[in-house]
Structures are given as structure tokens and as C-alpha cells.
Amino acid sequence: MPLFYDARIRAYLYQVIAVGVVLLIAWVMFSTASANLAKQDIATGFGFLARQAGFVITESAITYEPTDTIGRAILVGITNTVKVSLLAALFGTVLGLLVGIGRLSHNPVLSRLMLAYVEALRNVPLLLYLLLWYSLIISVFPPVKQAIEMLPGVFLSNSGLVTPALHWQSGFAALVTAFVVGVAAAFATARVLGRRRIVTGKERPIALFAAIAFLLPLVATILFANISVTWDVPELGRFRLSGGYHLRPEFVALLLGLTLSVSANVAEIVRAGIQAVSKGQWEAATALGLSRARTLKLVILPQALRIIIPPLTNTYLTVFKNSSLAIAIGYPDLVMVSNTIMNQTGQAIEAIAIFMGVYLGLSILISLVMNWYNARVALRER
Amino acid sequence: MNSRILQLCATVAGIAVGLVAATTANAATTLETVKARGKLICGVSMSTPGFATADAKGHMEGFDVDVCRAVAAAVFGDPEKVDFVLTNINTRFQALQSGEIDMLSRQTTMTFSRETSLGLDFGPTVFYDGQGLMVPKSLGVNSAKELTDAAICTLPGTTTAQNLSDFFRSIGGKFELVVFENPDENRNAFFSGRCEAISSDRSDLASIRAVANNPDDYVVLPETISKEPLAPAVRQNDSNWRDIVSWSAWMLMAAEERGITQANVDEMAKSEDPEIQRMLGVSEELGKMLNLDNKWGYNVIKGVGNYGEVFERNLGTKTALGLTRGPNTRWSEGGLLYAPPFR
Amino acid sequence: MTQVDTLVSSAALAPSREVPPAARSRWFSAYFGTPGNALITILCLGTVFALAKLAIGWLFVDATFVGTPAECKATSGACWPFLSAKMRYIFFGFYPFEEQWRPLTAMLLFLGACLVSMVPKVWGRGLLLAWVAVVLPVLYVLMAGGYFGLTVVPTTQWGGLPLSFMLSFIGLACALPLGIALALARASNLPAIRVLGVGFIEIVRGVPLISILFMATVMLPLFMPNGITIDKLVRAQVAIILFAAAYIAEIVRGGLQAIPKGQVEAGQSLGLHYWQIMRKIVLPQALKKVIPPLVSLFIGFFQDTTLVTIVGLLDFLDTVRTAMRDPQWQGIAVLEGYVFAAVVYFVFSALMGAYSRFLEQYFRTTHD
């Protein structure tokens, strides 16, 4: 058997066998599944996506009626998932930064309090927290008829938070355009001035110029464009508050739970990142006469950021995946909508394939964006 | 490393081949599987008082449970030879399709699309139900039509939510739907005042009302917004098994028509009535035709009683649910229960 | 760059590291060194006291310790009789009442065996053998019955804390070899095997655990030939194993990458073939490095097993939740169960966290 002992031939053999086995398993599963489905007269295919959904989704970022298609219902689920994960990632990052820096404080009370915060969040399952927050909201706050009016028009009850809503009569598009133009202008200004500083070595208040560049288009639009808005103030009807903007307790509990869990992770990442920068860097910067804040900004953070980005990516991916726990407290995210569809159509394989595919696709997208950002801040070795 | 992977692959391949082989070898009918196992496996809910709950020591009781016990009695002559599996709303049909359970008895509504596209067959309707709404008395509502703009708690993926949106569309109103995956959470949200109303089958509402701290604080509204015939279900294309489940259920109804009870079944076996003789296996061989013991009917009634007894024991006016028979009474008394003749 | 700006401005607020004036005691300056620092101290203490007052009031002062549901309803604090009344259900679920000494014994035996196994000195082939040949069979017989006159208890009646332990422990134990195999596959020179490894790891890591659980409980049965059914518990267990394996693979890969190439080359120059190099040289070093992060991962999986409640298994969180919805305690015990469950999870996770830190220290001082 000299042929078998040839390392290259053996390598090919192993690969062919491995691929063959995987294909065999896939084929066996596929054929049994289709045989089972055919035998039991279970419908297959994605034709159901065009059928009328017929069920109500209470919370939706895009317009949706029960008369819309199942495909649109899935889209509603996706937007709900994205909405809650984006907000949780945003709030959680800000909160986590504060907590992480608090943990490094030399004040023992503050650092221990922050440690307790992080430990309490990391050692108890997220699902348990979600159920706990939800129970707290619906059992501690009063029913909607005795809603607490915190500010005029702002009501808090166990049906959530209701605030006045702004309705744009006209000028909305102009304002959005101005906002986008402002952001772009601010970035451009900061960049040009930053380059200039490197060339000339002169200090200029870059932040101030950028802020002006951002505000200018907005102010101009407000002054010259025809903007009119009406306020939709909630009113207590026979049962509930009608009108206004509703933050439902399901959404609030989920957002709270996810935000806190992100913040605990971000806090640990930030702490580890700052601590990983060697002490000599602090000392060198101090020896150069840099103040503490400038040392942090110019020396420590650029180095810490490189350590922070990869685990931060993982945290964002995790919160995105954890938003699927929404199903436990009744927030209509992608999994919950797919689940309803699965029950209505009986087509489990297709429904699960859709939501797994969407998660996979969006996970890869998040990874790509974060990797791109990571590559930008990465150390360029010369 | 390669040798290890190779080993792993070989094992997996072995299992795969084994599975394929098993496919061809294993074409047993449900009855054979159940008999070989020595126990019936029945999918129920586990937290619906009156239909299926466990007592403090884990013994299951309820209307749905008794339907399972009747089938177990028909097959084994012993109503206790049944294991109950918790099925939730998501997994109940898949549990049946996959063979994890032998029959599903879980307040499941028989509908056209379920019967045709979910790979299952329904037995006879054992409980005629309809969807209703329940509200706290303090709300001062007397009709579902007044519930425009209210929040309504319900379970997902059932026909319930669809019926509600149809109903409110027909009266031109809107409502806020609050959906919970878990019946316990659903109930809790309603009791905590998260929703003004809760909607489900009327029997289920009675069950929810029974567990309230003070049941008298809640009232079921008069409207019935749908037809919900609740029936046991079995896998499609196993007609012998379907016959067993169906005729066990009809046996309960026929026994009530004929006045056979758990207590008097031994005396009734001496009856001269030819149909009673056939039912109880005294004459002819109905059991054999189902591939069961000829005394299967006797065993069913001896095991769980007749339909009336099952109903009164679990749902009737003396229980916490306090349901009246309503449409679930004999056809001869104006109800909908009508067992085909045993001949 | 808003992140950085926030970080900078917040950091600027943090107390400075400058050496305090000699006149003040070190203790005092740590707490009240500068006005800003003093403010932080006072705010923090205020928060701690407010929270403690709220918690003690609810947990002890206003709480009911013995009594009926009605008595609980009359007080505003916690209702502890709920816990004592439902304790056995919370711990063991629907396990037959008379037989509940069995899961209790099994759980104690399991915890005892874990405690012994946590000592690095006893690690070795013998310990592994003891687990496989003695501990696990005894645990299985205790739980499932069928031997020595123990009545058979089907897995559908298992529940509570033993189930949570089982799912997470067996999950990790079985996922470890699979994870190592995946990590090796991913680091392999053979492109097809590498692609398969990467594909599996990335797909599993790209989707939520709940979707894999759904797939295992709802979809997998459709892929099984007619007549073959896999126990629901086993299906959930398989899902957890596959999920854990992908994450373990990534950790082990980190360990593999940390081993210098020279080690492999040295092995090759000795004439060892690939598998010998891996088993005798690379893996022992790599695995030692990844033990602390693996323990941390285990904490995460112990918590993640709570997700099985969504697919209808009665784990510890689910028994707690259903106990609170018991008609007798409906609306009375709204938080007590969750608080109790949180304490249980916290204690186990924190202990494992402490153990992970101990191991890190242990490896740093004894090997390296």
C-alpha cells in the first residue's frame, strides 16, 4: 500500500471522505425530511410569504396591517429586532464606558460599587433579568386608568410610557437633509482642520468649528424652510391613553435588560483595555508634561481602542443575538413573528430557515463593519 | 488529528447508514409501537386547570387528560398506562408529526387547514367551544363591542388573534393586542392589569377565571366570536389508530346515552340490549376489529366513566371552573354530542 | 469618534492619581481627597444606602415569613411562605413526589464530585475514569431508575435544578472534545476540512442559541426517519452541545495560536507525525492556557441553559416561573421566585468565577 502512505494522497483522501460524509448526512436528512413531509401532506416551499398574514403585530417601526402579506410581517419582525438591538448597543456602550472608567477610579467606594454592578449583571442569566424587569413593570406601576402623569402629557403606567408625539405637517424632509448635510460638514471640517494642525502645529478649537458646521444648515432650514408641526397629546379614553407615542412595557423591559447586559460587558472590556496599556506610557506622557486628560486622549485611548474593538464587536453581536429572548416577554421581534407564522402555516423548516438566515446575514454584516473600523484604527506597522 | 477526524466521520457515517436502515425496517403502526412500549404517550398542556394539571404529587388530572386515559384504557385495560408530555403551543403539532407523542389532546381546535396541511387527522369533537372575552367586572363593560381601543391579552399563533382582528374589523374598531408565548405569563399580565381583556376559548377563560384570587371579580362577556370544536389529533395515514382514538371518544358519549356509568358498568354488562352488549364486548367482536381486546369498551368506561362523568368531574358546576354543559350535552337533549351507532 | 470623546471627558472627571498632601491620612484622601472625589463618595454611599434600605425593607422588615397566601397579601414586603410551600416543585419539577430523594442525592453527589474535581492536584486520567465509570452511571441510574429496584422515571418528568446542572455540565463535557476537533479542523492545512470547520463554527456563532434550540426541538424530528424519535431532553442537549462546541473551538484556537511554531517544527524534526505532535506537544500546552477562559465560558453556558424554558423544558428558571403562577400564589408572589432564582444563579456563577480567577493565578505561579 505505498500509495496510501503518500502524504499528499492521504491528505486528499481525508478531505474527500470528510466532504463525502457531510454531503451524505445532508442528503440523508434532506431525503428523509422531504419523504416525511410528503407522507404527512405538509406543505413546503416559500409560497406562504405572499399570503395574507391575518395577525396583528402591535409594535411596528414600519406600517403594517393584518391584511398585509406574511413577507411584510417578517420584515416588521426584522425592523423590531434591529431597532431594539441598536438602541441597546448604543445606550449600553455609553453606560458601560462610564461604569468601566468608574471601576478604575481611585475612589474605593465608586470602584467597588461599579464592581458590584458588573458582577450582579454578569452572574445572573439575562432571561431571568428580562422576566424580572417585566414583572416589576407590570406589577409595580399602576394600571393605565390610574397612570402617573409625570409631566404634562407624559403618562407612566403598567401599560408603558406614553408621551406626546410630534407630527410633521411639512418641512420634515428639509430638516432631515439639513441634519445629514450638517453631519457631513462637521466631519469634513474636523478632518481638514486636523490635517492643518499636523502640518502647521497650531492649535485651533476643532470641536467648536465642527459644531458650527453642524448647526449652520439646521439653523438655516429652521429659519427659511416652512416647517410646521402639531403635537399629538395623549388623552385618557375609556380604557387607555389614545394618541401620543407609546413605549410598551415589553419593549422597555427588553431594552432595559439588553442595555444593562451590554453595559456590564462594555465596562469589563473598557477596564481591561485601559489597563492593558503599559504604565510606562502614562509615565512617559507625564514626563513630557501632558495633562492627565490629554494623556488619556492622545496616548492611552488610541492604544486601548485597538484592544477594545474586537471584544466590543463580540458584545454587539451578542446583544443582537440576545434580542431573540424577546419571545419570552412578548415583544414582537423576528423570532416571535416567525414563530407565529410557523404555527399558522405549519412550515417549521422554512420559518426557521428564514430567521436563521437573517440572523446569520446581519451577524456577518456587523462583523464586517466592525472589522473595517478595526482595520482603520489598527496599528500600521512600518 | 486526521485519524481522529476519520474515526469521527466513520462513526457519523455508521449512524447515518444505521438510520437509513432503520427507515426501511421500522414501519410499525402506532398501535404496535404503543403496545410494544407498554404505555401511551399523550401530549397535553400542563397548566390549564380543568383540562390538564398536575396535583401536588404530580398525578395528572383534567378533561384532556381523561380523553388520553380513555384511549390508554381501551388499549391496555388500564387508564394509568399513559405518560403525559408537556406540549406548548409552538411544538404541539411537530411533537405529533415527529412521533414524539402518540396523540394530542390539548384543547386543539379542528380546522380545515390544520387537517389538510399539518400532517394530522382529528378525532371527533369532544368539546364544542367558542372564543370569548373576559374582563374585570370593575371595568363596567357588558359587551365585547364596547372594547374598542382596549388592550387584549392573548396567546400567539393560535386562531385566537386572527378571530379578534376579524371581529374588530367587522365592528370597525381598533384594539391593542398583547401576545404572550406562555399561558401563565398571559394570565398574569391580565390579572396585573396590563390588558383590559383576555381572549381565548370560553372553556379556557373559565379555567383562567378559576385561578383568579377572586373569580367573582371577573366576567366572561356574552359574545362568542368563533366556533372552536376541540378535538384530539393523531398522525395522518394511520387509520387503525385514528379509529381507536375516535371510537374511544365516542364510547364515552355513547355510554352516557345508554346510561352506562363507571359505577354500574359491571351490571350493565349483563344487559339484554344488543348495542350495550356490543359496546361492552359481551357479544360480537368489535374490539377485534380495532385490533384491541374485546372488552375495550368496558375498560374505557370502567377506567374513566362516561362523558357526563368526565365533564362533571373536571369542568362541571361543582368544580372551580363551574361550566354548564351548554352545547356539550346529548343530541337527544338539544346538545351537539352524537355518537354514531356501535354496530 | 464620539466614543472617544465621551471616554475622554468622563475620564477627565475621574479622580486624579496625584499623591495626596502628607498632612491628610491616606484613608481620608482616598475617599474625600478633592471636592470632586468627596462628591463621588457621598453620591455612591447615598445610592448604596437607598438601595439597601429598599432591599432590607422588602426582604425582611415588611416581609411575611410564615403564613398563608392571604396573610402575604396583607403585607407589602416579600412573601417567603411561597418559597417553602413550593420549594420541592421549584427544585425538582414534576419528578414523582415520593422519589424526589433521588434527584436530591444525585445533585449532592454531583456537586461533591465537582468540588473534588476542582482541585488541580487530582486532575488526570484517574479522575476522568472515575467520572465516566462511576459518577455519571450512578447519577444516571439515580435519575432514570430501572436498576436496583428504583422505579423508572421518564425524562419528561425531570425538571428543576438537576436538569439545569445536567444540561450545562453534560453539554460542556461533550462539547469539549468536539470543540477541540473543530479547532484543529479550523487550523488544519487541508483546505476542505478547514472550510468545513470554519463553516460550522461561523454558522453556529452567527445565530442565537434559541434558534438552534428551536431547530433541535421543532425541526430535527422532521429529519428523522419515521419511527425513530429522540427524547426531547436529548434533542435540547444536543443543541447545547453543538452550540457550546463552536464557542469552545474559538477559545481553543486562541490557545493553539499562542503555541510558537518552533514547537511544531521541533516535533517534526523528531520524526513525529501530525497527530503525535498535536497530542503530545501542542494540545497539552494549548489546553493549559485556555482552561481559565473555558471556566468563564462555562459560567455563560450555565446561564444560557435557562433558554430551554422557551422550548418547553422544565429547567430551574421554568419551575420557578410556573410556581409563581400557581393559582394559590397568583398575583401574590410576583418577584420572590425570581429573586430566589437570581440568588441561586449568582452564587453558582460567582463561585465558578472565583474558581476561574484561582486557576489563572495557579497557572501563572506554577507553570509558565
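Residues numbered from 1 in each chain as written. Chains lettered and ligands numbered in written order. Predicted model: local features only at pLDDT ≥ 70, side-chain atom pairs only at ≥ 80, totals over all residues.

*Asks:* Can you explain the overall build of chain B? Please cite residues and give values.
*Replies:* Counting its regular elements, chain B contains 14 helices and 15 strands. Computed over the C-alpha atoms, the radius of gyration of chain B is 23 Å, within 12% of the 20 Å expected from 2.2 N^0.38 for a compact globule of 343 residues. With the principal axes as the frame, chain B shows a C-alpha extent of 80 × 60 × 40 Å. In chain B, the share of contacts with a sequence separation of at least 24, taken over all contacts with a separation of at least 6, comes to 72%. (Helix = DSSP H or I, 4+ residues; strand = E, 2+ residues; numbered from the N terminus. Rg over C-alpha atoms; globule rule 2.2 N^0.38 Å. Contact = placed C-beta atoms within 7 Å.)

*Asks:* Can you break down the overall build of chain A residue by residue, with the values?
*Replies:* Counting secondary structure elements, chain A contains 12 helices and eight strands. Over its C-alpha trace chain A gives a radius of gyration of 27 Å, far above what one expects of a compact globule, namely 21 Å for 382 residues. Principal axes of the C-alpha set define a box for chain A whose edges measure 85 × 80 × 45 Å. Here chain A holds 382 residues, and 39% of them are scored as buried. Taking all contacts inside chain A whose residues are at least 6 apart in sequence as the whole, residues at least 24 apart take part in 67%. (Buried ≥ 20, exposed ≤ 12 C-beta atoms within 10 Å, placed from the backbone.)

*Asks:* Can you tell me about the sheet that holds strand S3 (residues 52-54) of chain B, naming the residues and giving the values?
*Replies:* Residue and element names in this part refer to chain B. Pairing within the open sheet is antiparallel, and its three strands lie in the order S2-S3-S4. Among the strands making up the open sheet, the edge pair consists of strand S2 (47-48) and strand S4 (60-61). Across two bridges, S3 lies against S4 in antiparallel orientation. Note on S4: the bridge partner recorded for Thr-53 is Glu-61. (Pairing = 2+ DSSP bridges.)

*Asks:* Account for the confidence of the model for chain B, with residues named and values stated.
*Replies:* All names here are of chain B. Overall, the predicted model of chain B reaches an average pLDDT of 85, with 91% of residues at or above 70. Highest mean pLDDT in chain B belongs to helix H3 (residues 63-76) (95); lowest belongs to helix H1 (residues 2-25) (44). Counting contacts from residues 1-26, a segment whose pLDDT is below 50, to residues more than four positions away or on other chains yields 40 contacts. (pLDDT = per-residue confidence, 0-100.)

*Asks:* Describe the environment of Leu-242 of chain C, with residues and values.
*Replies:* Take Leu-242 of chain C: it is sitting in helix H11 (residues 232-257). With 70 residues separating them in the primary sequence, Leu-242 of chain C and Leu-172 of chain C have C-alpha atoms 9.7 Å apart.

*Asks:* Please give an account of the interface of chain C and chain A that cites residues and values.
*Replies:* Listed by partner, the interface residues are 56 residues for chain C and 55 residues for chain A. Every element with two or more residues in the side of chain C that touches chain A is listed here: helix H1 (2-13), helix H2 (26-32), helix H3 (35-61), helix H9 (191-206), helix H10 (209-223), helix H14 (316-324) and helix H15 (336-366) of chain C.

*Asks:* An account of the pairing of strand S5 (residues 82-86) of chain B is needed here, citing residue identities and associated values.
*Replies:* Residue and element names in this part refer to chain B. Extensive coverage of S5 is indicated by the burial of four of its five residues. Note: strand S1 (residues 40-44) against S5, five bridges, orientation parallel. If you follow Ile-41 over to S5, its bridge partner there is Asp-83.

*Asks:* Tell me about the nonpolar core, and name the residues and values.
*Replies:* With 277 residues, the main nonpolar core has Leu-128 and Leu-130 of chain A, Ile-152 of chain B together with Leu-213 of chain C as its most contacted residues. Take this core: its biggest share by element is 14 residues, from H11 of chain C. In contact with Leu-213 of chain C, not counting residues within four places along its chain, are Ala-236, Ala-239, Leu-307, Val-308 and Val-311 of chain C. In this structure, Val-144, Ala-147, Phe-155 and Val-162 of chain A belong to the second largest nonpolar core, which totals six residues. (Core = buried A, V, L, I, M, F, W, Y, C linked by C-beta atoms within 7 Å.)

*Asks:* Go over the domain arrangement of chain A with me, naming the residues and quoting the values.
*Replies:* Split by domain assignment, chain A resolves into domain 1 (2-42), domain 2 (70-164 + 233-376) and domain 3 (165-232). If you average the C-alpha positions of domain 1 of chain A and of domain 3 of chain A, the two centres end up 59 Å apart. (Domains from an automatic or database assignment.)

*Asks:* Go over the environment of Ala-175 of chain C with me, naming the residues and quoting the values.
*Replies:* All names here are of chain C. Inspection of the secondary structure assignment puts Ala-175 in helix H8 (residues 161-186). Sequence separation between Ala-175 and Ser-117 is 58 residues; the distance between their C-alpha atoms is 18 Å. With residues up to four places along the chain from it excluded, the contact list for Ala-175 reads Ile-241, Ala-244, Ala-245 and Ile-248.

*Asks:* Go over the sheet that holds strand S8 (residues 245-247) of chain A, please, and point to the residues and values.
*Replies:* All names here are of chain A. Taken in spatial order, the four strands of this open sheet run S1-S2-S3-S8, and their pairing is antiparallel. Two strands in the sheet have a free side with no partner beyond their single neighbour: strand S1 (148-151) and S8. With strand direction ignored, the average angle separating the axes of adjacent strands in the sheet is 25°. As paired strands, S1 and strand S2 (residues 154-157) are joined by three bridges and run antiparallel to one another. Looking across to S2, one finds that Ile-148 is bridged to Leu-156. (Axes fitted to C-alpha atoms, helices over the stretch in contact; angles between N-to-C directions.)

*Asks:* I'd like a description of the pairing of strand S5 (residues 228-232) of chain A, backed by residues and values.
*Replies:* All names here are of chain A. Counting buried positions along S5 yields zero of five residues, so the element is predominantly exposed. Across five bridges, strand S4 (residues 165-170) lies against S5 in antiparallel orientation. The partner of Leu-166 across the bridge, within S5, is Trp-231.

*Asks:* Could you give me a rundown of unusual backbone geometry, with the residues and numbers involved?
*Replies:* Residue and element names in this part refer to chain B. The phi torsion at Gln-107 lies on the positive side, around 45°, for a residue other than glycine. With respect to the secondary-structure elements, Gln-107 resides in the loop between strand S6 (103-104) and helix H5 (112-117). With a phi close to 55°, Glu-284 is a non-glycine residue in the positive phi region. Mapped onto the secondary structure, Glu-284 falls in the loop between helix H11 (274-279) and helix H12 (286-289). With 15 C-beta atoms packed within 10 Å, Glu-284 lands in the partly exposed category.

*Asks:* If you had to explain H8 of chain C to someone new, which residues and values would you point to?
*Replies:* Over its 26 residues, H8 of chain C runs 36 Å from end to end, which matches the ideal 38 Å to within 8%, given 1.5 Å per residue. Taking the largest bend as the criterion, H8 of chain C deviates by roughly 35°, centred on Leu-176 of chain C, and proline Pro-177 of chain C comes between one and four positions later. (Expected span 1.5 Å × (residues − 1). Bend = angle between axes of the 7 residues up to and from the residue.)

*Asks:* Pulling in residues and values, what's your account of the environment of Leu-321 of chain B?
*Replies:* Residue and element names in this part refer to chain B. If you trace the backbone, Leu-321 turns up in the segment after helix H14 (307-314). Sequence separation between Leu-321 and Ser-207 is 114 residues, and the spatial gap between their C-alpha atoms is 5.6 Å. With residues up to four places along the chain from it excluded, the contact list for Leu-321 reads Pro-49, Gly-50, Ala-206, Ser-207, Ala-210 and Leu-315.

*Asks:* Which residues make up the packing of H10 of chain C against H11 of chain C, and what are the values?
*Replies:* Residue and element names in this part refer to chain C. Closest axis-to-axis distance for the H10/H11 pair is 9 Å, and the angle between their directions is 145°. For the pair H10 and H11, the crossing hand works out as right-handed. Residue-level contacts link Leu-209, Ile-212, Leu-213, Ala-216, Thr-217 and Leu-220 of H10 to Lys-232, Arg-235, Ala-236, Val-238, Ala-239, Leu-242 and Phe-243 of H11. Among the residues making up the contact of H10 with H11, the classes are represented as 10 nonpolar, one polar and two charged. (Left-handed = near helix turned anticlockwise from the far one by under 90°. Nonpolar A, V, L, I, M, F, W, Y, C, P; charged D, E, K, R; others polar.)

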